[in-house]
Amino acid sequence: MTAERIYFKARAIGYYHVEDSRQTGPYSFAEIEITQLDLVELKEIDAFDFNELKTGLFHKPERKIKAVRVFLESGTYLKEDIRDILFRRIEKTDKLTVEGQEWIGFTADAYFIIERKIEVKQTLIPTVNRRTIWPFSRTGTTTQTTTFDTKTGSSTGINVDPVATAPASPLLGYLVLFLCFVFVFGLFFGFGGGTLLFLVLLGISFLLSFLGDRFPVFQRIFGVNFPLWNIIGWIFIFFSLLSFGTYGPDNGNISGFLLGLAIILWSRNAIWLRRIGQLSFFIVMLMFLANSGILGWLEDIPEKTKRKKYTEDKEFVEEDHIKFKREKDTVENDQGEKVVREKLMHSLNWTDNYQMNHQAVISVFKQDYESSEIKRNRSEVNETSALRYWNRVYAQLIYDNKEYLEQVIATFNQIGKSKQLDRKGFADMVVSGIQNIPYYLVHDLSHDDADRQFGGFITEWHNKGGNCLEKMKYGIQAPAEFMGNFKGDCDTRSVLLFYVLSRFKYDVAILISEQYGHAILGIAGDYSGKYKEYNGYRYFAWETTATNFVPGVLAPDFGNMNYWKIALTNN
């Protein structure tokens, strides 16, 4: 059985229901479910590409639409389950409310594909006498084709003359396969020295395989006689060079590389290459035993694996002064309906810089916590200037999260009122609370890539007990994410505090320093110490990543205010 793809254009008439909707800046996105669909004015057209049709207002369903009525010219219709369909020029018509759910009518131009299975009466099964390189090579050898007659059940064999093949055809196949390896290795392992050397060796191997296919002499010399040993040898080379690129040369990865090379030579067709491989294998094994290399290599594996595969055990922070729990809460949605939503709650105990003790339950809804991450990952900032770039990033995060932080605002407001805090005392209560949340380094790379880029800093950080979050777009968590899991670094904290204090009418700013690779909060008011002047305001520097820091005081390593710039203000 085979399938025929038939391409159609029609007029679509139906109803859809909005399952989920979200806002990203000025744009709205909706996930819809199409519950009824009729296709009329059916026309069979030439084959098309869905991607070329995605212009103007369009919708490409991700799921199959079941029981679509396809109306024929006779007035009858067929029911089809259609997956490959795209709607263009969508227009809303009417609305229906069924069992409390709103369904929206629409019409649109529809482009779709229907596959029909076709029974083949004759089957041709070619069998080629020598191996080929999928998908590009075809050999010039004789091909025998067997023909089956479906009526008589008999079969006949036919010899078909060789088909001429361009000499570059198998080479192109090897080249495409090699480029796929390059892409995958670059994506997952980067292009360090070890990875590049591995790809060079792999390229040489592919070239020898190509020459072996074209010229028998190369096959007799370099062809593989023991495929399993050949694979084992490449595994040794791969992990040895990966270790070399990550940690530098040592006895373990050098010996592993030589061992893998010896096994690959041992697996070749030529007897003299096999002898060289065998001799090399025993020499390397003697080196292992003499230098205890194999023992040292195996002893290093747990430590290296621990450094490379750092993972945080818990999604949400818990420490002696921080307790985490989940709780269900009934709230009203925008339509006035009561719904049950899950809260992420951290109970935090801390002492501020005026030696007052505070306790607060800081919470966000789990749905808002997840939506905040989605919005951050979908946002795009394109600026060449570092200052303008971070201005846009911080402003976008605040804009996307302001509706998610009402419970946080209410919590701090209640503490301020119950303890009758003045302006300076209230700001200190808020900032010192955030200072008491454990520090998490947040970066946009994987642990391994960051370790390579920053010269082993990530490994050193983890070995000292430091925690981090990897692969976070912009290298920052949005405010609702931070309040949901209590994991944040300098600019994560500064952005949150900027928004919270802005809501209470404080004049605040976010200061960044490229030289220090750091971000801090700036606050205007009756303070003394280090400050940055901007638009007539003196913004006193306030460190947010460590306790006991007050406005105007910075660590000596960050104390030169000429290195600080104002990235965002609320004035």
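Above: the structure in question.
Let's talk about the overall build of the protein
(1) Moving on: A tally of regular secondary structure across the protein gives 16 helices and 20 strands.
(2) Moving on: The buried share of the protein, taken over its 571 residues, is 41%.
(3) Moving on: Working note: accessible area of the protein is about 32500 Å², and carbon and sulfur atoms make up 54% of it.

Focus: the nonpolar core
(1) Moving on: The biggest cluster of nonpolar side chains holds 62 residues, and the ones touching the most others in it are Tyr-394 and Met-483.
(2) Moving on: The dominant element in this core, judged by the number of residues it contributes, is helix α16 (residues 490–503), at eight residues.
(3) Moving on: Setting aside residues up to four positions removed in sequence, Met-483 forms contacts with His-346, Ile-362, Val-364, Leu-405, Val-408, Ile-434, Ile-437 and Leu-496.

Some thoughts on the sheet that holds strand β13 (residues 357–365)
(1) Moving on: Spatial ordering of the open sheet is given by β11-β12-β13, a layout of three strands whose pairing is antiparallel. One side of each edge strand has no neighbouring strand; the edge strands of this open sheet are β11 (322–332) and β13. Direction aside, neighbouring strands of the sheet carry axes that sit 30° apart on average.
(2) Moving on: In the sheet, β11 pairs with strand β12 (residues 338–351) via 11 bridges, with the strands oriented antiparallel.

A word on the side chain of Gln-407
(1) Moving on: The residue Gln-407 is located in helix α11 (residues 406–418) in this model.
(2) Moving on: Sequence-distant contacts of Gln-407, that is, excluding residues within four places in its chain, are made with Lys-343, Ser-363, Val-364 and Phe-365.

Details of the pattern of salt bridges
Working definition: two side chains of opposite charge can pair if their charged atoms are close together.
(1) Moving on: In the structure shown here, the tally under the stated rule is 17 salt bridges.
(2) Moving on: Across the salt bridge formed by Arg-11 and Asp-109, the nearest N and O atoms sit 2.6 Å from each other. Taken together, the residues span a long stretch of sequence, with Arg-11 in strand β1 (residues 2–24) and Asp-109 in strand β7 (residues 101–118) at a distance of 98 residues.
(3) Moving on: Owing to a relative accessible area of 21%, Arg-11 belongs among the partly exposed residues under this scheme.
(4) Moving on: The residue Asp-38 makes a salt bridge to Arg-69 at a minimum N-O spacing of 2.8 Å. Pair noted here: Asp-38 is in strand β2 (residues 27–44) and Arg-69 is in strand β4 (residues 65–71), with a separation of 31 residues, a long-range link.
(5) Moving on: Residue Asp-38 is classed as buried on the basis of its relative accessible area of 11%.
(6) Moving on: We classify Arg-69 as partly exposed; its relative accessible area is 26%.

Quick notes on the packing of aromatic side chains
(1) Moving on: The full count for this structure, using the stated rule, is 23 aromatic pairs.
(2) Moving on: An aromatic cluster of three or more residues is present, and its members are Tyr-7, Phe-48, Phe-50 and Tyr-111.
(3) Moving on: In this structure, Arg-341 is placed above the aromatic ring of Phe-365, and the distance from its NZ or CZ to the ring centre is 4.1 Å.
(4) Moving on: The lysine or arginine in question, Arg-423, covers the ring of Tyr-506, its NZ or CZ lying 3.8 Å from the ring centre.

Describing the packing of helix α10 (residues 386–401) against α16
(1) Moving on: The N-to-C vectors of α10 and α16 enclose an angle of 55°; their axes lie 10 Å apart at closest approach. As far as their axial angle goes, α16 and α10 are oblique. α16 is crossed by α10, and the crossing has right-handed handedness. For the pair α10 and α16, contact is made by Trp-390, Tyr-394 and Ile-398 and by Asp-491, Val-495, Phe-498 and Tyr-499, respectively.

A closer look at the packing of helix α12 (residues 423–435) against α16
(1) Moving on: Relative to each other, α12 and α16 sit at 155°, their axes nearing to 11 Å. In terms of orientation, α12 and α16 fall into the roughly antiparallel class. Of the two possible hands of crossing, α12 and α16 adopt the one that is right-handed. In contact with Ala-427, Val-430, Val-431, Ile-434 and Gln-435 of α12, α16 contributes Arg-493, Leu-496, Leu-497, Val-500 and Leu-501.
(2) Moving on: Within the contact of α12 with α16, the residues separate by chemical class into eight nonpolar, one polar and one charged.

A short note on the environment of Phe-504
(1) Moving on: Note on placement: Phe-504 falls in the loop between α16 and β16 (508–513).
(2) Moving on: The exposure class of Phe-504 is buried, given its relative accessible area of 15%.
(3) Moving on: Through-space distance from the C-alpha of Phe-504 to that of Asn-413 is 8.7 Å; in sequence the pair is 91 residues apart.
(4) Moving on: Discounting residues that sit within four places of it in the chain, Phe-504 has contacts with Ile-409, Asn-413, Arg-423 and Phe-426.

Brief notes about unusual backbone geometry
(1) Moving on: At Glu-41, a position not held by glycine, the phi torsion is positive, near 55°.
(2) Moving on: Note that Glu-41 resides in strand β2.
(3) Moving on: The phi dihedral of Asn-548 falls on the positive side, at around 70°, and the residue is not glycine.
(4) Moving on: Relative to the assigned elements, Asn-548 resides in the loop between β19 (537–542) and β20 (565–569).
(5) Moving on: Take Asn-548: its relative accessible area is 63%, and that puts it in the exposed class.

Some words on the pairing of strand β5 (residues 77–82)
(1) Moving on: Sheet topology note: the β4/β5 ladder contains five bridges and is antiparallel. Note that in β5 the partner of Val-70 across the bridge is Leu-78.
(2) Moving on: Hairpin connection of β4 to β5: five residues between the antiparallel strands, including Gly-75 at a positive phi of 95°.

Considering the sheet that holds strand β18 (residues 531–534)
(1) Moving on: Taking strand neighbours across the sheet as the criterion, the five strands line up as β18-β19-β17-β16-β20 in an open arrangement whose pairing is antiparallel. Edge positions in the sheet fall to β18 and β20, since each has one partner strand and no second. Strand-to-strand twist of the sheet, defined as the mean angle between neighbouring strand axes without regard to direction, takes the value 35°.
(2) Moving on: Two elements, β16 and strand β17 (residues 518–523), share six bridges in a ladder whose sense is antiparallel. The residue of β17 that forms the bridge with Ile-512 is Ala-519.
(3) Moving on: Those strands touched by α10 are β16, β17 and β20, and its axis lies near 25° from that of β20.

Rules of the game
- Residues numbered from 1 in each chain as written.
- Predicted model: local features only at pLDDT ≥ 70, side-chain atom pairs only at ≥ 80, totals over all residues.
- Heavy atoms only, no water.
- Helix = DSSP H or I, 4+ residues; strand = E, 2+ residues; numbered from the N terminus.
- Buried < 20%, exposed > 50% of the residue type's maximum accessible area, 1.4 Å probe, protein only.
- Areas by Shrake-Rupley, 256 points an atom, 1.4 Å probe, with all protein chains shown as cover.
- Core = buried A, V, L, I, M, F, W, Y, C linked by side-chain atoms within 4.5 Å.
- Contact = heavy atoms within 4.5 Å.
- Pairing = 2+ DSSP bridges.
- Axes fitted to C-alpha atoms, helices over the stretch in contact; angles between N-to-C directions.
- Salt bridge = Lys/Arg side-chain N within 4 Å of Asp/Glu carboxyl O.
- Phe/Tyr/Trp six-rings, centres within 6.5 Å; stacked < 30°, edge-to-face > 60°.
- Lys NZ or Arg CZ within 6 Å of the ring centre and 35° of its normal.
- Parallel < 35°, antiparallel > 145°, perpendicular 65-115°, else oblique.
- Left-handed = near helix turned anticlockwise from the far one by under 90°.
- Nonpolar A, V, L, I, M, F, W, Y, C, P; charged D, E, K, R; others polar.

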